[in-house]
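Coordinates in review
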Amino acid sequence: MNIQLADREVNEAMEQLKASFPPGTTLETLMKKNGITREKLREEIAFGLKINKLVLSQPKAKEKPTEKEIQGFYRTNTDKFKSTESVHVRHILIAKAPGDDAAAIRDKKNKADGVQKQLAAGGNFAELAKANSDCPSKEAGGDLGTFTRGQMVKPFENAAFSQKINAIGPVVETEFGYHVIQVLEKNPPKTMPLDAQAKEMISSYLQRQKQQATFNHLVRELRGKANVVLYQP
C-alpha cells in the first residue's frame with residue numbers, strides 16, 4: 001500500500017518513548033537490557049507506526065463511537081466507574097521492637113496513652129507527631145494520605161473507617177506498635193456520572209477497540225489469501 005513515514009514522525013515517537021521512562025532509566029539502558037541497537041529500535045518503531053497508519057486508513061477504524069454505544073457501555077460497565085470508600089488519616093506511632101520485653105512494651109503503651117490524652121485535650125497533632133512518632137510520616141505531621149480498605153493492617157483499618165472525622169481515637173495496637181489515629185476526611189463510594197469527561201474516556205476506549213478489531217480483520221483477510229509455510233530447519 002506504499003505507506004510512507006517521515007523521519008520527523010519516528011523522531012517524535014522516540015521522544016515520546018523516552019518521556020515515558022521512569023526516573024533514572026535512559027534509552028541506552030533500555031537498548032542494552034533488550035540487546036537492541038538504536039537502528040533496530042527505530043526500525044521497530046517505524047514498523048509500528050506504519051501498522052497504525054494502515055489500520056487508520058480503513059473506514060471502520062475511523063468511525064467514532066455513537067452516543068448510543070457510549071451510553072450502552074456505561075450501563076453495562078457501571079462497576080468500572082465506581083470509586084471505593086476511602087479515608088484520609090494521620091497517626092502517631094510508638095513502634096514495637098523485636099527485642100522488647102514486657103517492661104518495654106508497657107512503657108510504650110503508656111507513652112502512646114499519654115500522647116493520646118494530650119491530643120484529646122487539644123494538643124497540636126503535627127507537633128506531637130514530630131516529637132514522638134516512630135513513623136517516617138512524622139515529617140508530614142503524621143499524615144498518611146488517603147487509602148482504601150485492604151491497604152492497611154486490619155486493626156488500623158477498622159479504627160480508621162469507624163472513627164468520626166477529627167476525633168482522636170483510643171490507642172490502637174498492631175504488629176507495628178501503638179497508634180493514635182485521627183481521621184481527617186471520609187470519602188464514601190460513589191459512581192462517576194456519565195458527564196463529558198466520562199464520555200471522552202469511553203469514546204477513546206471504544207475507538208481503540210474498533211481499531212484493534214480492524215487490525216484483526218485485516219490480518220485474517222491477508223492470512224486467508226496467503227499460502228503460509230512454516231519453515232523448520
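In this report, we go over the structure that sits alongside the text. Bear in mind that the values here come from a model prediction, so they are computed numbers and not experimental data.

**Regarding the pattern of salt bridges**
Scanning the model with the defined rule gives 13 salt bridges in all. For Glu15, the salt bridge is made with Lys18, and the minimal N-O distance between the two is 3.0 Å. With Glu15 and Lys18 both in helix α1 (residues 7-19) and 3 residues apart, the pair spans about one turn of that helix. Judged by its relative accessible area of 47%, Glu15 is partly exposed. Across the pair Glu67 and Lys199 runs a salt bridge whose closest N-O atoms are separated by 2.8 Å. Of this pair, Glu67 sits in helix α5 (residues 67-76) while Lys199 sits in helix α9 (residues 196-225), and the two are 132 residues apart along the sequence. Since its relative accessible area comes to 39%, Glu67 is described here as partly exposed. Via salt bridges that share partners, Glu85, Arg149, Lys154 and Glu157 belong to a single interconnected network.

**Considering the sheet that holds strand β3 (residues 143-148)**
Spatially, 4 strands are ordered β3-β2-β5-β4 in an open sheet, and the strand pairing comes out antiparallel. Single-partner strands in this sheet number two, and they are β3 and β4 (172-174). Each strand of the sheet is rotated relative to its neighbour by a mean of 45°, with strand direction disregarded. Alignment of β4 against strand β5 (residues 177-187), held across 3 bridges, turns out to be antiparallel. Residue pairing in the sheet places Glu173 in a bridge with Tyr178 of β5. Running over the sheet, helix α7 (residues 125-132) touches β2 (86-95) and β5 and is turned about 40° from β2.

About the criteria used
Residues numbered from 1 in each chain as written. Predicted model: local features only at pLDDT ≥ 70, side-chain atom pairs only at ≥ 80, totals over all residues. Heavy atoms only, no water. Salt bridge = Lys/Arg side-chain N within 4 Å of Asp/Glu carboxyl O. Helix = DSSP H or I, 4+ residues; strand = E, 2+ residues; numbered from the N terminus. Buried < 20%, exposed > 50% of the residue type's maximum accessible area, 1.4 Å probe, protein only. Pairing = 2+ DSSP bridges. Axes fitted to C-alpha atoms, helices over the stretch in contact; angles between N-to-C directions. Contact = heavy atoms within 4.5 Å.

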